[in-house]
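# Fold and contact review
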Amino acid sequence: MGGPQYDFLANPLGAVRSTFEKAMASVSDPSSFNGGDWGAMDLFTNFLFDQSHLSQVPVLTPSTMRWIKPNTLVRFRGMIQDMLGNEFYVGAYKDGAMWRTNKFMDVSQFPIGPSADTQIWERRLLYCVPVPGLNSWAQISSEAVTDQCMGWTSEQREKRPREEAESSDMAVSIEEDQDSPNTKKMREGEHPSHASQSRESEIASSSFSPVPGPEGNSLHCLVKIYDSPESELKLNEVFEFVGILTSDPEIQEDNVDNDLSSELCEDPLRHFPPNKVVPRFHCFIHKKLAVQDFLKSNPIIEPKLDLVKGMREALLRHLTAVLGNDDVAAHFVLLHLLSKVHSRADTLAVGKLSLNLTCFSKEIVSIFGNQLKDAVKNLVPFTHCIPLTVEYLNNVSLAPKKNYDTNRLETGVLQLAEGSHLIVDETKLEAGTLNSVGVENARLLNNLVEWQKVEYDFKYYKMDMTTDVQLLVLSEGKSNILPADVIVPFRPSAANCSEAVTAEALEAWRWYLATVRQLPHSIESEMQQVVENDLVAARQADRSLNAQDLSRWLTMSRLMSLSFGETSLSLEHWQMVKELDRLRKERLK
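Conventions used here
- Residues numbered from 1 in each chain as written.
- Predicted model: local features only at pLDDT ≥ 70, side-chain atom pairs only at ≥ 80, totals over all residues.
- Heavy atoms only, no water.
- Helix = DSSP H or I, 4+ residues; strand = E, 2+ residues; numbered from the N terminus.
- Core = buried A, V, L, I, M, F, W, Y, C linked by side-chain atoms within 4.5 Å.
- Buried < 20%, exposed > 50% of the residue type's maximum accessible area, 1.4 Å probe, protein only.
- Contact = heavy atoms within 4.5 Å.
- Axes fitted to C-alpha atoms, helices over the stretch in contact; angles between N-to-C directions.
- Parallel < 35°, antiparallel > 145°, perpendicular 65-115°, else oblique.
- Left-handed = near helix turned anticlockwise from the far one by under 90°.
- Nonpolar A, V, L, I, M, F, W, Y, C, P; charged D, E, K, R; others polar.
- Salt bridge = Lys/Arg side-chain N within 4 Å of Asp/Glu carboxyl O.
- Phe/Tyr/Trp six-rings, centres within 6.5 Å; stacked < 30°, edge-to-face > 60°.
- Lys NZ or Arg CZ within 6 Å of the ring centre and 35° of its normal.
- 1 Å grid on protein atoms, 1.4 Å probe; cavity = no way out; pocket = protein on both sides within 12 Å on 5 of 7 lines; lining within 4 Å.
- Points joined across faces, edges and corners; volume = space filled by probe spheres on them.
- Polar contact = N/O pair within 3.5 Å; in protein donor to acceptor, adjacent residues only side chain to side chain.
- Expected span 1.5 Å × (residues − 1).

The next subject is unusual backbone geometry. Here Ser52, not a glycine, exhibits a phi torsion of approximately 55°, which is positive. Summarising the element assignment, Ser52 is placed in the loop between helix H2 (40-50) and strand E1 (73-95). Phi at Lys459 takes a positive value of approximately 70°, unusual for a residue other than glycine. Inspection of the secondary structure puts Lys459 in the loop between strand E14 (453-457) and strand E15 (462-466).

Another point: the nonpolar core. Within the largest apolar cluster, 69 residues are counted, with the highest numbers of intra-cluster contacts made by Leu357, Leu372, Leu379 and Tyr512. For this core, the leading source of residues is helix H10 (residues 327-338), giving nine residues. Dropping the residues within four chain positions of it, Leu379 is found in contact with Trp137, Leu315, Leu319, Leu337, Leu506, Trp509, Arg510 and Leu513. Counting 44 residues, the second largest nonpolar core, distinct from the first, contains Phe76, Phe281, Leu444 and Val449.

This next bit is on the environment of Gly35. Note on placement: Gly35 falls in the loop between helix H1 (12-24) and H2. Between the C-alpha atoms of Gly35 and Asp227, which are 192 residues apart in sequence, the distance is 7.5 Å. When residues no more than four places from it in sequence are discounted, the contact partners of Gly35 are Lys103, Trp121 and Asp227.

This paragraph deals with the packing of H1 against H2. At a closest axis distance of 9 Å, the pairing of H1 and H2 adopts a crossing angle of 140°. With respect to their mutual orientation, H1 and H2 come out oblique. Counting all contacts with H1, which are made through Pro12, Ala15, Val16 and Thr19, the residues of H2 involved are Ala40, Leu43 and Phe44.

At a closest axis distance of 11 Å, the pairing of helix H15 (residues 525-541) and helix H17 (residues 571-588) adopts a crossing angle of 20°. Between H15 and H17, the angle is such that the two are roughly parallel. Here H15 runs over H17; the crossing is right-handed. Listed contacts from H17 to Met527, Val530, Val531, Asp534 and Leu535 of H15 are Leu571, Trp574 and Lys578. Classifying every residue of the contact of H15 with H17 by side-chain character gives six nonpolar, no polar and two charged.

The subject of this paragraph is the pattern of salt bridges. For the structure on display, the rule yields 26 salt bridges. Here Arg77 and Glu240 are joined by a salt bridge, their closest N and O atoms 3.1 Å apart. Taken together, the residues Arg77 in strand E1 and Glu240 in strand E5 (residues 238-246) connect sequence positions 163 residues apart. Its relative accessible area of 7% is what places Glu240 among the buried residues. Among the ionic contacts, a cluster of salt bridges with common partners joins Asp549, Arg552, Asp581, Arg584 and Lys585.

Considering all chains together, one arrives at 20 aromatic pairs under this definition. Note on Tyr89 and Trp121: the rings are 6.5 Å apart at their centroids and 80° apart in plane angle, and the pair reads as edge-to-face. One end of the pair, Tyr89, is in strand E1; the other, Trp121, is in strand E3 (residues 118-129), with 32 residues separating them in the sequence. For the pair Phe294 and Phe382, a centre-to-centre distance of 5.1 Å together with 85° between the ring planes defines the contact as edge-to-face. Remark: Phe382 occurs in the loop between helix H11 (362-379) and strand E10 (383-387) and Phe294 occurs in the loop between strand E6 (280-288) and helix H9 (305-322); sequence separation between them is 88 residues. Through a chain of ring-to-ring contacts, the aromatic side chains of Tyr6, Phe8, Phe20, Phe33, Trp38, Phe44, Phe47, Tyr89, Phe104, Trp121, Tyr226 and Phe284 assemble into a single cluster. Across the ring face of Tyr89, the terminal group of Arg123 is positioned such that the distance to the ring centre comes to 4.0 Å. Its guanidinium or amino end placed over the ring of Tyr127, Arg408 lies 4.1 Å from that ring's centre, counting from NZ or CZ.

Counted as a void, the largest pocket has a volume near 880 Å³. Lining the largest pocket are 31 residues, with Asp485, Gln548, Ser551, Arg552 and Thr555 sitting closest to its centre. Secondary-structure elements contributing two or more residues to the lining of the largest pocket are strand E8 (348-350), helix H13 (436-451), strand E17 (486-489), helix H16 (547-563) and H17. No other element matches H16, which puts nine residues into the lining of the largest pocket.

Position of Thr246 among the secondary structure elements: in strand E5. Reaching out from Thr246, the side chain makes a polar contact with the side chain of Asp106 at a distance of 2.6 Å. Setting aside chain neighbours within four positions, we find Thr246 in contact with Asn71, Asp106, Asn275, Arg280 and His282.

Here H10 is twelve residues long and its end C-alpha atoms lie 17 Å apart, about the 16 Å a rise of 1.5 Å per residue gives. Among the twelve residues of H10, eleven are classified as buried, and the element is accordingly described as predominantly covered. Taken together, the buried positions of H10 are occupied by Val328, Ala329, Ala330, His331, Phe332, Val333, Leu334, Leu335, His336, Leu337 and Leu338. The backbone nitrogen of Val328 has a side-chain oxygen 3.3 Å away, supplied by the residue at the start of H10, namely Asp326.

Here is the structure:
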């Protein structure tokens, strides 16, 4: 399957067209396909995964754009920032007696006659951006990617004479046909923008994510999706796409009347930036990425208890040193880093553990706050920090907003990928007056902490979007804006006690955090009875305890078990949770 007759890396469209021609040999017309797969993707799946060639596919980054040849197989990683709807295109057309396909292309292979038989198919449009807050260690090495692309390009030079003969038939000369009345018919997805180029650039810049990734990582793509149900790809999810990058010149605004797509429905890309600003990526295969997929070394090993326990102890020592030998705060930070929303009960996000470290003055935050921010940044792939001030709240756009003039969702600071970590630094917050924007932003942050939801503004209505963001608040006193699940007064006893950490240790801790937080967890019936009795006794001893306190204990007990790599709560770990919470309450007195 997928023999040497196909060059999947250098000429993927050749495999698409060849399999289409073979499929057409058994049917009278392509209407039976209805835009779906006719066997081509089975070949690519076999080549990439069964034969393990995925690592040979170059990764699309700003630094590799100049090395990657158009219409060759590439990979692109990004977060779905906006969903632009569906696009109709000429999927197949009759060229004389032969049916040809335009699937995975923006420009037809051959001219389409004005009376030619055509099949109109549909594809989805996704606007994808670099993952907000992606840290440099989680980014694929630019040097390695460039070397890969240059090596692959050099390897293909021997095949170039043959490829050039093929490619000369693949696309119509733009110079000859730009003014042809058939040009619009040949374009299946590229519609003329009715705005000027400067306006297009303005739109592009307005849609860029405000949360920066690694330096130079600013590649945004319009990804065109085929043969996938809508439920497979959702807003804010992170994917790796495998497909082809097109670099067809932008079509001019002439012959608008011949634009087939505009006859069918409103053009979803009429205000969209040109190809040279936001490249078009035609996706063959996609895979949803988890935190583990961003680890440089992700060994497929079972999280054995002895191995996990050793990593836990080492990471806890590191966090304790970072926090000035505050062992209690370090334990809570560890549980916080392992937290995730594992289920939802009505409006409650079950499993979250937001943390508010108090007693952080401006002087203390300059030392321990910065050390903690750096430590988290080295452990979690997606991180962001908000310096909370009155001026910031009064001016920032936290929630995404729909712009109906451009038909785009303009991103906000809180449009983050699942598993992101957010530090809110309240130590710079001083007395002042919040305007209407500031009040709304304070409410948005409050909702994020309490419900793990972000309210998206669609102008005529607002919609709550669920999220899963680990939230850590640094403040001098208890935060009045962000009601965290756990409040821990910070008590450092030493400064400059953190030591240099090896790259191997960091990689081990990243694997530990990413792996154990995904483990399942349960409470056996006997242990469940112990927990219930202790909760009843605690409520009788302290009538101020409420349902949130009891829920926090259960969440902490789950995280404590997982921190040891165990999937069932033990009496020892339950007692550790009670003692840890007792020490915390002692500090609050």
